[in-house]
Amino acid sequence: MAKTLGDITQELNEKVLAPAKAEAEALVSNAKDQAAAIVAEAQAQAEKVLSTAKAEAENVRKQHQVDMETAARNFIIMVQEKLEAAVVSPVVEGELKAALGEADFLKRMIESLLSEFLKNQSQEQPLEILLPKQHQADLEAWFLQKFQEKAAGSLVVQFTDKITFGFHVGVKGKGAYFNFSSGLVEAFSNFCSPRFRKHFFASEES
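Just so it is clear, the structure is predicted and the values come from calculations on it, not from any experiment.

**Topic: the packing of helix 2 (residues 103-119) against helix 3 (residues 136-147)**
- At a closest axis distance of 12 Å, the pairing of helix 2 and helix 3 adopts a crossing angle of 40 degrees. Viewed along their axes, helix 2 and helix 3 adopt a mutual orientation that is oblique. Crossing of helix 2 over helix 3 shows right-handed handedness. Contacts from Leu106, Lys107, Ile110, Glu111, Leu114 and Leu118 of helix 2 reach helix 3 at Asp138, Leu139, Trp142, Phe143, Lys146 and Phe147.
- Within the contact of helix 2 with helix 3, the residues separate by chemical class into eight nonpolar, no polar and four charged.

**A short note on the pairing of strand 3 (residues 167-171)**
- When you tally the buried positions in strand 3, you get four out of five residues, the bulk of the element.
- Pairing analysis gives four bridges linking strand 1 (residues 127-132) to strand 3, with the strands arranged antiparallel. Residue pairing across strands places Leu127 opposite Val171, the latter belonging to strand 3.
- Relative to strand 4 (residues 178-180), strand 3 runs antiparallel, the two being bridged by three bridges.

Reading guide: rules and limits
- Residues numbered from 1 in each chain as written.
- Predicted model: local features only at pLDDT ≥ 70, side-chain atom pairs only at ≥ 80, totals over all residues.
- Heavy atoms only, no water.
- Axes fitted to C-alpha atoms, helices over the stretch in contact; angles between N-to-C directions.
- Helix = DSSP H or I, 4+ residues; strand = E, 2+ residues; numbered from the N terminus.
- Parallel < 35°, antiparallel > 145°, perpendicular 65-115°, else oblique.
- Left-handed = near helix turned anticlockwise from the far one by under 90°.
- Contact = heavy atoms within 4.5 Å.
- Nonpolar A, V, L, I, M, F, W, Y, C, P; charged D, E, K, R; others polar.
- Buried < 20%, exposed > 50% of the residue type's maximum accessible area, 1.4 Å probe, protein only.
- Pairing = 2+ DSSP bridges.

Below you can see the structure in the form of structure tokens.
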């Protein structure tokens with residue numbers, strides 16, 4: 001039986017066009033699903049990257065803030081230390097040099113100290129006092145007059161260029177001395193420094 005044009009058209013539609021259309025629709029649907037999955041994954045990845053970047057930026061900001069605060073504190077401490085060094089030690093040294101450079105004050109101080117030292121000092125271990133060379137003319141005769149009887153044999157007086165103000169005293173031959181010159185400056189500076197900080201930087205420490 002001969003096929004008509006309608007039969008051929010129907011057969012083509014059923015065997016070729018309909019399956020092809022179904023397969024094309026399936027491919028399109030699958031492609032859409034894959035595209036949606038790719039977009040969703042890319043979006044999630046972008047959000048993750050953005051969140052990580054924000055977190056890192058916040059950490060960097062916080063670290064910069066800490067660094068800036070630390071640098072500011074260190075700068076303030078440095079300024080305070082430099083100001084303290086520029087004020088306390090020079091003032092203390094200037095005042096002590098002026099006081100210990102005054103002959104009468106120096107004599108009174110030496111007499112008070114040596115009187116106590118010599119009370120229990122044996123002649124076998126004489127005391128040695130080191131004085132600035134510049135005061136030799138003023139003090140040499142005074143020592144002879146003041147201590148030649150009570151300290152005969154137990155006191156050795158030396159004048160040296162190594163001391164510019166005050167004096168050193170110790171047991172002769174031991175090489176160790178009580179430093180009543182630069183040692184006084186250090187001692188008084190250490191004493192005055194906390195009080196200087198307390199009053200000068202009071203508003204920052206309170």
